[in-house]
Amino acid sequence: MPDASPRRRLLFVHAHPDDETLTTGLTMAHYVDAGHDVHVLTCTLGEEGEVIPPQLRHLAADREDRLGPWRREELRRAMDRLGVTHSVLGEDPASGVFSRYRDSGMAGTPSAAHPDAFAGADLADAAALLAAHLRALDPDVVVTYDAHGGYGHPDHIQTHRVTMEALAGLGAQAPAAFCIVTPQAWAVQDRAWLAGHVDPADAPLHVPAPGEDYPPSVVPDDVPTHVVEAPQLVPVQAAALGEHATQVRVFDGYYALSNDIAARLSGREAFVRVDPGTGRRLVAAGAARHTGLLAQEGER
């Protein structure tokens, strides 16, 4: 059922095209379906991403280096599928600038030393750009990664840092802030589901075993403060994810990135509410979870 709250505005801040659909696509679809105003701000164009389709590998950074504009168009199509408005940090299409910052790639790679790499951006400068976007958009809710960047990618970590710095600068005018997390029980259930549902014909996909490490965004079950559960919208999320064809292969109920590791489209996403001034969790561990990010918990 759509939320009964008045029309509100939500902003999701992400590092690269496809991150928004992978980690918050279901939540965005839920709020669009409920009649709210949903926006995505992407910090880079994902120029350093690995390209899955062989016929498009010429776009990669180590060849023609034309992947960024291609992924920008994938993002447009994906957000059209979701009904979400999208922007790129520092873009100025009128002057031919499509992104202020470049994808840094993984830590320790040559791309991380690029002068425009987002991971090395001056924190104050990047936060000022994001704060200007926040003032213009005036969202009720802002969502981004946790301090670990979900799985440790330097651009995801920087996205968290820049977002929290921008929010802190807004003071009392800052919107409600949330970080993306996954409760441990969900992660365990998802691996069990994958073990029973990944088609062997999709080999060489790897299904993580129960004892394999989880990414740092998988947290104890009492940490998440808010959840969105909307399994009926998985087909919408999957359709949007399918538009990111250079990065993702989508199957029935699951997907795989270029690492060929299967991941479930589980129909649920979890968040922890944080203080926009400090980034600290606002609700004590073990408190009752809210359903959704709006209503009274989204008030400033």
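See the structure shown above.
(A) Region of the structure containing the side chain of T27. Tracing the backbone shows T27 in helix 1 (residues 19-33). A distance of 2.5 Å separates polar atoms of two side chains, one belonging to T27 and the other to E269. With near-sequence residues (within four places) excluded, T27 lies in contact with F12, V228, E269, F271 and L293.

(B) Expanded view of the pairing of strand 11 (residues 268-274). Taking burial as the measure, the 7 residues of strand 11 include 7 buried ones, the bulk of the element. The pairing of strand 5 (residues 176-183) with strand 11 spans 5 bridges and is classified as antiparallel. Counterpart to I180 in the pairing with strand 11 is F271. With 4 bridges joining them, strand 7 (residues 226-229) and strand 11 adopt antiparallel strand pairing. Bridge pairing in strand 11 places V227 opposite A270.

(C) How the structure looks around the packing of aromatic side chains. Across all of its chains, the model carries 3 aromatic pairs by this definition. An angle of 55° between the planes, with centres 5.3 Å apart, marks the rings of Y101 and F118 as tilted. Remark: F118 occurs in the loop between strand 3 (85-88) and helix 3 (123-137) and Y101 occurs in the loop between strand 3 and helix 3; sequence separation between them is 17 residues. Of the two residues, Y101 and F118, neither departs from the other in class, the shared state being buried. Consider the rings of W193 and Y254, whose centres lie 6.4 Å apart with planes at 65°: the pair is edge-to-face. In this pair, W193 sits in helix 5 (residues 184-197) while Y254 sits in strand 9 (residues 254-256), placing the two residues 61 residues apart along the sequence. Taken as a pair, W193 and Y254 share a single burial class, namely buried. An aromatic cluster is defined as three or more aromatic residues linked by ring pairs; in this entry it consists of W193, F251 and Y254. Geometry around Y214 places R191 over its ring, the cationic atom sitting 3.8 Å from the centre.

(D) Seen up close, the pairing of strand 1 (residues 9-14). Of all 6 residues that make up strand 1, 5 are buried, and the element is covered over most of its length. Crossover strand 1 to strand 2 (residues 37-42) through helix 1 is right-handed.

(E) Spotlight on the packing of helix 3 against helix 4 (residues 154-170). Between helix 3 and helix 4, the shortest axis-to-axis distance is 8 Å and the interhelical angle comes to 60°. One element, helix 3, and the other, helix 4, form an angle in the oblique class. Helix 4 is crossed by helix 3, and the crossing has right-handed handedness. In contact with L123, A126, A127, L130, A131, L134 and R135 of helix 3, helix 4 contributes R161, V162, T163, E165, A166, L167, G169 and L170. Grouping the constituent residues of the contact of helix 3 with helix 4 by class yields 10 nonpolar, 2 polar and 3 charged.

(F) Structural context of helix 6 (residues 234-242). Within helix 6 the residues assigned to the buried category are V234, Q237, A238, A240 and L241. Considered in projection along helix 6, the buried side chains sweep an arc of 160° and stay on one side of the axis. Check the buried side of helix 6 and you find it contacts helix 1, helix 2 (67-82), strand 8 (249-250), strand 9 and strand 11.

(G) Representation of the environment of R273 in the model. Along the chain, R273 falls in strand 11. Since its relative accessible area comes to 18%, R273 is described here as buried. The spacing of R273 and R7 is 266 residues in sequence and 20 Å in space, taken between C-alpha atoms.

(H) The arrangement of the pattern of salt bridges in detail. Counting across every chain of the model gives 14 salt bridges. Residue R102 pairs with E48 through a salt bridge whose shortest N-O separation is 3.0 Å. Placement of R102 in the loop between strand 3 and helix 3 and of E48 in the loop between strand 2 and helix 2 is noted, with a sequence separation of 54 residues between them. For R102, a relative accessible area of 13% gives the class buried. With relative accessibility at 25%, the residue E48 sits in the partly exposed group.

(I) Broad picture of the sheet that holds strand 8. The 3 strands are arranged 8-9-10 in an open sheet whose pairing can be described as antiparallel. The outermost strands of the open sheet, each flanked by one partner alone, are strand 8 and strand 10 (262-264). Bridge analysis of strand 8 against strand 9 gives 2 bridges, and the strand direction is antiparallel. Each residue of the ladder has a partner; that of R249, found in strand 9, is A256.

(J) Seen up close, the packing of helix 1 against helix 2. In contact at an axis separation of 10 Å, helix 1 and helix 2 are set at 30° when each is read in the N-to-C sense. Between helix 1 and helix 2, the residues in contact are E20, T21, G25, M28, A29 and V32 and L75, A78, M79 and L82, respectively.

Scoring rules and cut-offs
Residues numbered from 1 in each chain as written. Predicted model: local features only at pLDDT ≥ 70, side-chain atom pairs only at ≥ 80, totals over all residues. Heavy atoms only, no water. Helix = DSSP H or I, 4+ residues; strand = E, 2+ residues; numbered from the N terminus. Polar contact = N/O pair within 3.5 Å; in protein donor to acceptor, adjacent residues only side chain to side chain. Contact = heavy atoms within 4.5 Å. Buried < 20%, exposed > 50% of the residue type's maximum accessible area, 1.4 Å probe, protein only. Pairing = 2+ DSSP bridges. Phe/Tyr/Trp six-rings, centres within 6.5 Å; stacked < 30°, edge-to-face > 60°. Lys NZ or Arg CZ within 6 Å of the ring centre and 35° of its normal. Right-handed = clockwise from strand over helix to strand, strands pointing away. Axes fitted to C-alpha atoms, helices over the stretch in contact; angles between N-to-C directions. Parallel < 35°, antiparallel > 145°, perpendicular 65-115°, else oblique. Left-handed = near helix turned anticlockwise from the far one by under 90°. Nonpolar A, V, L, I, M, F, W, Y, C, P; charged D, E, K, R; others polar. Arc of directions from axis to C-beta. Salt bridge = Lys/Arg side-chain N within 4 Å of Asp/Glu carboxyl O.

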